[in-house]
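# Architecture at a glance
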Amino acid sequence: MSDSESSDDYDSIAIDKNEWSDLNPINQDHETNEICRIAYTENFNDVFGYFRAVLKANEISERAFDLTYKAVKLNPANYTVWFYRRILLKELGKDLNHELKLVTQIIDQNPKNYQVWQHRRNVVELLQDPSKELEFTEKILQQDSKNYHAWQYRQWVNKNFALWDQELDFVSSLITVDYKNNSAWNHRFFCLINTDHSESVLNREVDYCFEKLNLNINNESVWNYLRGLVDLMVKEGWGYPEKVCHFCNLKLESNKEDELSPFLISFKIDYNWTRAIEKKNSDANAVKEFVQQSIQYLNLLAQKYDTIRANYWKYLLSKWKQEFDQYF
C-alpha cells in the first residue's frame, strides 16, 4: 500500500475469501524460465485469481461487478477487466451516471491511461449525454495541454455529438498560453475540416498564422498548420493564396538573421516546387527562377540553418536536379 492510499482504500479492494468460498481462484500462468518474476502483492494475486475464475464461469452478479472495481483499482490498464465490467453494467442495469463519476475519479489519478478513456467513451455512448465531457476534458488539458488521450477523446465528443460551438475560442485560449502547442494547432485544423472551411474562413486562418509567425518565425506548429490551410484551399479549387507567398518573400528578403527560419525556407522551397511543376511545359524562364532560387535555399539549409538534416536537404537537391536537370 502506497503512502497516498488510506487504509479505507486498501480495505475496499481487499478480498473477503468467505464470500468466494464456492469458487476456486485461477492463478496466473508463469513461464518456466522466468528471469525476473513480478512481485505481485498477495491481495493483487487474490483479486485477479478470482477475476479469472469469474471470467471463465461468465458469472453475472453483483459480487463480480464489485470485483471488477477492485481489479481496476489495482490495475486500471487491464483492458479485459474494463471489457467485462461493461458487460456487467448492461446485464445488471447499473447506474451509468454513477459509473461516469467513478471513471472521472480514475482518470484524475491516471490521465494517460488509454483503457480508462475508452471505458468513458463507451459509457457516454450508452448514456447519449455528452453534457459534461467538454468541461471534463478542458480540466484534464489544463493539467497537461498535450495529453494525447484527452485530445483524442475530445475530438470524438466534438464529432460524434456535433459540439463545435466555441471550440475555436477554446483552442485559441490554449494557443495564447503556449503558441507552440502542436496539439492545440492540430485540434484547430480538426475543427476546421469538420465545420465551416469556406474561403473567407480559411483566409481568416491564414491571417491568424501570420499574426503568430510575427511573434516567432521559428514556430514549426504554425508552419505545419499553414501548410494544411494552403493544401485545403488548393484542394477546394481556390488556388494558392498569393498573400502567403508575399508573406514568405518579405521575411526572406529581410536582412534580419532571426527571420531566416529553416521552416520558412523549407515552406518556400515546397512552394517553388509546386509552381515549377505547374509551369514546366509553359514558362521556362519562371521555372529557371524557381529552380535557381531553390538550389540556393537548399544549400543554405544544408550548410547553415539546418545542418543536422544536411543529408535530407542534399537528397531534396538531387530530386530537383533529377526533375529540372537542364536548369542546373
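Residues numbered from 1 in each chain as written. Predicted model: local features only at pLDDT ≥ 70, side-chain atom pairs only at ≥ 80, totals over all residues. Heavy atoms only, no water.

### Focus on the environment of Ile 26
- Secondary-structure assignment places Ile 26 in the loop between helix H1 (7-13) and helix H2 (42-57).
- A relative accessible area of 29% means that Ile 26 is categorised as partly exposed.
- Separated by 28 residues in sequence, Ile 26 and Val 54 have C-alpha atoms that sit 9.2 Å apart.
- With residues up to four places along the chain from it excluded, the contact list for Ile 26 reads Phe 48, Gly 49, Arg 52, Ala 53 and Lys 56. (Helix = DSSP H or I, 4+ residues; strand = E, 2+ residues; numbered from the N terminus. Buried < 20%, exposed > 50% of the residue type's maximum accessible area, 1.4 Å probe, protein only. Contact = heavy atoms within 4.5 Å.)

### Describing the side chain of Arg 85
- When you line up the elements, Arg 85 lands in helix H4 (residues 79-92).
- At 2.9 Å, the side chain of Arg 85 forms a polar contact with the side chain of Thr 68.
- Of note is the side chain of Arg 85, whose polar atom sits 2.7 Å from the side chain of Glu 99. (Polar contact = N/O pair within 3.5 Å; in protein donor to acceptor, adjacent residues only side chain to side chain.)

### Some thoughts on helix H9 (residues 167-177)
- By the burial criterion, the buried members of H9 are Glu 167, Phe 170, Val 171, Ser 172, Leu 174 and Ile 175.
- Looking at the buried side of H9, the elements it contacts are helix H7 (133-143), helix H8 (148-161), helix H10 (182-194) and helix H11 (199-215).

### Let's talk about the packing of aromatic side chains
- A complete count under the given rule lists 23 aromatic pairs for this structure.
- Here Trp 164 and Phe 190 contribute two aromatic rings whose centre-to-centre distance is 5.7 Å and whose plane-to-plane angle is 45°, an arrangement assigned as tilted. Of this pair, Trp 164 sits in the loop between H8 and H9 while Phe 190 sits in helix H10, and the two are 26 residues apart along the sequence.
- The exposure class of Trp 164 is buried, given its relative accessible area of 19%.
- By the ring-pair criterion, three or more aromatic residues cluster together here, those being Tyr 40, Phe 44, Phe 48, Phe 51 and Tyr 84. (Phe/Tyr/Trp six-rings, centres within 6.5 Å; stacked < 30°, edge-to-face > 60°.)

### Considerations on helix H14 (residues 262-279)
- Its 18 residues place the ends of H14 26 Å apart at the C-alpha level, agreeing with the 26 Å of an ideal helix rising 1.5 Å per residue.
- Taken together, the buried positions of H14 are Pro 262, Leu 264, Ile 265, Ser 266, Phe 267, Lys 268, Ile 269, Tyr 271, Asn 272, Arg 275 and Ala 276.
- For H14, the N-terminal cap is Ser 261; the gap from its side-chain oxygen to the backbone nitrogen of Phe 263 is 3.1 Å. (Expected span 1.5 Å × (residues − 1).)

### Describing the confidence of the model for the protein chain
- When pLDDT is averaged across the protein chain, the result is 92; 94% of the residues are at 70 or more.
- In this model, residues 1-8 is a region of pLDDT below 50 whose contacts with residues beyond four sequence positions or in other chains number three contacts. (pLDDT = per-residue confidence, 0-100.)

### Quick word on the nonpolar core
- Leu 67, Trp 223, Leu 226, Leu 229, Val 244 and Phe 267 are the most contacted members of the largest nonpolar core, which has 93 residues in total.
- Among the elements that line this core, the one with the most residues is helix H15 (residues 284-305), at ten residues.
- Contact partners of Trp 223, with chain neighbours within four places excluded, come to Leu 213, Ile 217, Phe 247, Cys 248, Ser 261, Phe 263, Leu 264 and Phe 267. (Core = buried A, V, L, I, M, F, W, Y, C linked by side-chain atoms within 4.5 Å.)

### Describing the side chain of Arg 188
- Tracing the backbone through its elements, the reader meets Arg 188 in helix H10.
- Accessibility expressed as a relative area gives 4% for Arg 188, which makes it buried.
- Beyond its immediate sequence surroundings of up to four residues, Arg 188 is in contact with Leu 168, Val 171, Ser 172, Ile 175, Glu 205, Tyr 208 and Tyr 225.

### Brief notes about the pattern of salt bridges
- Per the stated rule, a full pass over the model turns up 20 salt bridges.
- Here Lys 321 makes a salt bridge to Asp 325, at a shortest N to O gap of 2.8 Å.
- With a relative accessible area of 41%, Asp 325 lands in the partly exposed category.
- Salt bridges here are not isolated pairs; linked through shared partners, they connect Asp 22, Glu 59 and Arg 63. (Salt bridge = Lys/Arg side-chain N within 4 Å of Asp/Glu carboxyl O.)

### Topic: the packing of H2 against helix H3 (residues 62-74)
- Between H2 and H3, whose axes approach to 10 Å, the crossing angle comes to 135°. Put simply, H2 runs oblique to H3. As for the relative orientation of H2 and H3, their crossing is left-handed in sense. From H2, Asn 43, Phe 44, Val 47, Phe 48, Tyr 50, Phe 51 and Val 54 reach across to H3, where they touch Ala 64, Leu 67, Thr 68, Lys 70, Ala 71 and Leu 74.
- Looking at the contact of H2 with H3 residue by residue, the class counts come to ten nonpolar, two polar and one charged. (Axes fitted to C-alpha atoms, helices over the stretch in contact; angles between N-to-C directions. Parallel < 35°, antiparallel > 145°, perpendicular 65-115°, else oblique. Left-handed = near helix turned anticlockwise from the far one by under 90°. Nonpolar A, V, L, I, M, F, W, Y, C, P; charged D, E, K, R; others polar.)

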